[in-house]
Amino acid sequence: MNIEPTFREQLIDAGILIPLGVDGVWGRNGVFEAICAGLEHAISEAGLNDAPEVMRFPPAMPQDYFEKSGYMKNFPHFAGTIHSFDGDERGQHKLLGQMARGEPWMEQQQPAGLVLTPAACYSVYPTLARRGPLANVGALVDVYCWCFRHEPSLEPTRFQFFRMREFVRVGTVAQVMAFREDWVARGKVFATSLGIPFEVDIANDPFFGRGGKLMADSQREQALKFELLVPINEGAGPTACMSFNYHMTHFGETWDMRTEDGEVAHTACIGFGIERLALAMLRHHGFDLDLWPVDVRAFMGFGTKVSKSVGSVDAVEA
Ligand code: 5GP
Ligand code: ZN
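Everything numeric here is computed off the predicted structure, so don't read it as measured data.

Asks: I'd like a description of the state of the cysteines, backed by residues and values.
Replies: Evaluation of the coordinates by the stated rule reveals zero disulfides. We note that Cys-36 lacks a disulfide partner, and the nearest cysteine sulfur, in Cys-241, lies 12 Å from it.

Asks: Just give me the short version of helix H5 (residues 89-100), but keep the residues and values in it.
Replies: Given a rise of 1.5 Å per residue, 12 residues ought to cover 16 Å, and the 16 Å separating the end C-alpha atoms of H5 matches this to within 8%. For H5, the complete set of buried residues consists of Gly-91, Leu-95, Gly-97 and Gln-98. Down the axis of H5, the buried set is contained in an arc of 160 degrees. They therefore lie on one face. In H5, the exposed positions angled more than 90 degrees off the buried face are occupied by Glu-89, His-93 and Ala-100. In this structure, the buried side of H5 is in contact with strand E5 (81-85) and strand E6 (109-116). The N-cap of H5, judged by a side-chain oxygen 3.2 Å from the amide nitrogen of Arg-90 a few residues on, is Asp-88. Looking one or two residues beyond H5, the residue adopting positive phi is Gly-102, at roughly 70 degrees.

Asks: Report on the sheet that holds E6, specifying residues and quantitative values.
Replies: Strands sit in the order E4-E6-E5 across an open sheet of three strands; the sheet is antiparallel. Taken across any chain shown, the strands that pair with only one partner, and hence form the sheet edges, are strand E4 (60-62) and E5. Each adjacent strand pair in this sheet contributes to an overall mean axis angle of 55 degrees, direction not counted. As defined by bridge partners, E5 adjoins E6 across five bridges and the pair is classed as antiparallel. What sits directly across from Phe-85, in E6, is Gln-109.

Asks: Give a detailed account of the site of ligand 1, specifying residues and quantitative values.
Replies: Surrounding ligand 1, one finds 15 residues, the nearest of these being Arg-149, Phe-159, Lys-225, Ala-240 and Ser-243. Lys-225 is positioned with one of its side-chain polar atoms (N or O) 2.6 Å from an oxygen atom of ligand 1. Within the backbone of Gly-273, a nitrogen or oxygen atom sits 3.4 Å from an oxygen atom of ligand 1. In isolation ligand 1 has 490 Å² of accessible area, and contact with the protein removes 92% of it. Those elements giving two or more residues to the shell around ligand 1 turn out to be strand E8 (161-171), strand E11 (239-246) and helix H10 (274-285). Sorting elements by how many residues they give to the shell around ligand 1 places E11 first, with four residues. When its residues are assigned to classes, the shell around ligand 1 shows six nonpolar, three polar and six charged.

Asks: Account for the sheet that holds strand E3 (residues 53-56), with residues named and values stated.
Replies: Overall, mixed pairing links the seven strands, which are arranged E3-E7-E8-E12-E11-E10-E9 in an open sheet. Each edge of the open sheet carries a strand with a single partner, namely E3 and strand E9 (199-202). Sheet twist, expressed as the mean angle between neighbouring strand axes with direction ignored, is 20 degrees. Strand direction decides the pairing type here: E9 and strand E10 (residues 225-230), joined by four bridges, are antiparallel. Residue pairing across strands places Ile-202 opposite Phe-226, the latter belonging to E10. Taken strand by strand, helix H2 (residues 30-47) contacts strand E7 (139-148), E8 and strand E12 (266-273), and its axis lies near 5 degrees from that of E8.

Asks: Give a detailed account of the packing of H2 against H10, specifying residues and quantitative values.
Replies: With their axes 9 Å apart at the nearest point, H2 and H10 run at an angle of 110 degrees to one another. When the axes of H2 and H10 are compared, the pair comes out roughly perpendicular. For the crossing formed where H2 meets H10, the hand is right-handed. Contacts between H2 and H10 involve Val-31, Phe-32, Ile-35, Cys-36, Leu-39, Glu-40 and Ile-43 on the former and, on the latter, Ile-274, Glu-275, Leu-277, Ala-278, Leu-279, Met-281 and Leu-282. Split by residue class, the contact of H2 with H10 holds 12 nonpolar, no polar and two charged.

Asks: How would you sum up the domain arrangement of the protein chain? Please name residues and give values.
Replies: Here the protein chain is partitioned into domain 1 (9-80 + 118-299) and domain 2 (84-113). In this structure, domain 1 and domain 2 have C-alpha centres spaced 36 Å apart.

Asks: So what's going on with the coordination of the zinc ion (ligand 2)? Which residues, and what values?
Replies: Geometry reference: four tetrahedral donors at a metal, ideal angle 109.5 degrees. Six octahedral donors, ideal angles 90 or 180 degrees. Distances from the zinc ion (ligand 2) to its protein donors, namely Cys-121 (SG), Glu-166 (OE) and Cys-269 (SG), fall within the range 2.1 to 2.3 Å. Expressed as a motif, the donor residue spacing for the zinc ion (ligand 2) is C-x44-E-x102-C. One end of the pair, Cys-121, is in the loop between E6 and helix H6 (124-129); the other, Glu-166, is in strand E8, and 45 residues separate them in sequence. For Cys-121, a relative accessible area of 3% puts it in the buried group. Accessibility expressed as a relative area gives 1% for Glu-166, which makes it buried.

Reading the values: rules and limits
Residues numbered from 1 in each chain as written. Chains lettered and ligands numbered in written order. Predicted model: local features only at pLDDT ≥ 70, side-chain atom pairs only at ≥ 80, totals over all residues. Heavy atoms only, no water. Disulfide = S-S within 2.5 Å. Helix = DSSP H or I, 4+ residues; strand = E, 2+ residues; numbered from the N terminus. Expected span 1.5 Å × (residues − 1). Buried < 20%, exposed > 50% of the residue type's maximum accessible area, 1.4 Å probe, protein only. Arc of directions from axis to C-beta. Contact = heavy atoms within 4.5 Å. Polar contact = N/O pair within 3.5 Å; in protein donor to acceptor, adjacent residues only side chain to side chain. Pairing = 2+ DSSP bridges. Axes fitted to C-alpha atoms, helices over the stretch in contact; angles between N-to-C directions. Near = heavy atom within 4 Å. Areas by Shrake-Rupley, 256 points an atom, 1.4 Å probe, with all protein chains shown as cover. Nonpolar A, V, L, I, M, F, W, Y, C, P; charged D, E, K, R; others polar. Parallel < 35°, antiparallel > 145°, perpendicular 65-115°, else oblique. Left-handed = near helix turned anticlockwise from the far one by under 90°. Domains from an automatic or database assignment. Donors = N, O, S within 2.8 Å, 3.2 Å for Na, K, Ca; no water.

Here you go:
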């Protein structure tokens, strides 16, 4: 019997995803990273004319930012907190003994005051809020960050650690709504240039608990979230590779962000899931980057030949 390997198995066999023995946590090879670098390039080009302010953050945020963001109200099941050893030498001795015996050893680990970033835009709002009232044009930020969500899964499209690039708009309701509408259209053009099939649909976030269902329903009713979905996994529904989110005054109120005339600011963000877009391209164009359509390769900033051994687009032979 000849059973076709799954997409996941194909990715592992080709060395593109490197298993680490934990579901949803992967290493990646040069092919994968070349695609990610190409996506970064293409996203920068797509946003260039808007002259966004660039912000880059480490993959963790201060605990007080995180607490105030309200994330634990909505998504406590995804959060990852950082802890480090806070004992003395006796404590270390005890810990090593516990480890050697295969016993729990975490009791001396204390919160490090840091939480893994769950979405790239979360560090942007407090940063903007600290500056005081916005200028009358509002703010537009290009942010890129490794994110963490504790949702182990066998699906290759659900990473626990993944990169999210976002354009974040803060301003009046009119500015923010126009931005999101514009980006839904631009997102479709972007996906068309990547040469992948897609649909855009209304969506909701996976809110926690019994109250979460109400939150999700209300988010859909108010059309606060759209996703650009691409078929990637066999036998499963399409995967959200981009999202277009309007938060109304949620972050404006949380961080007391104000427009020039003193009104509470509205916010929206456009998220590009880098790993998922890379997987979508591998799925639809194959694993040999040299054989991808010429126009797609040009859009990604690839040279004429992308050898499998390259680690980044910079190293690509022109
Ligand atoms: P959102 O905040 O809308 O949940 O996520 C923004 C984007 O990040 C999504 O559209 C998706 O592309 C990406 N993303 C969300 N969750 C995951 C995940 O579990 N794994 C990966 N690789 N990407 C994700
Ligand atoms: Zn966001």
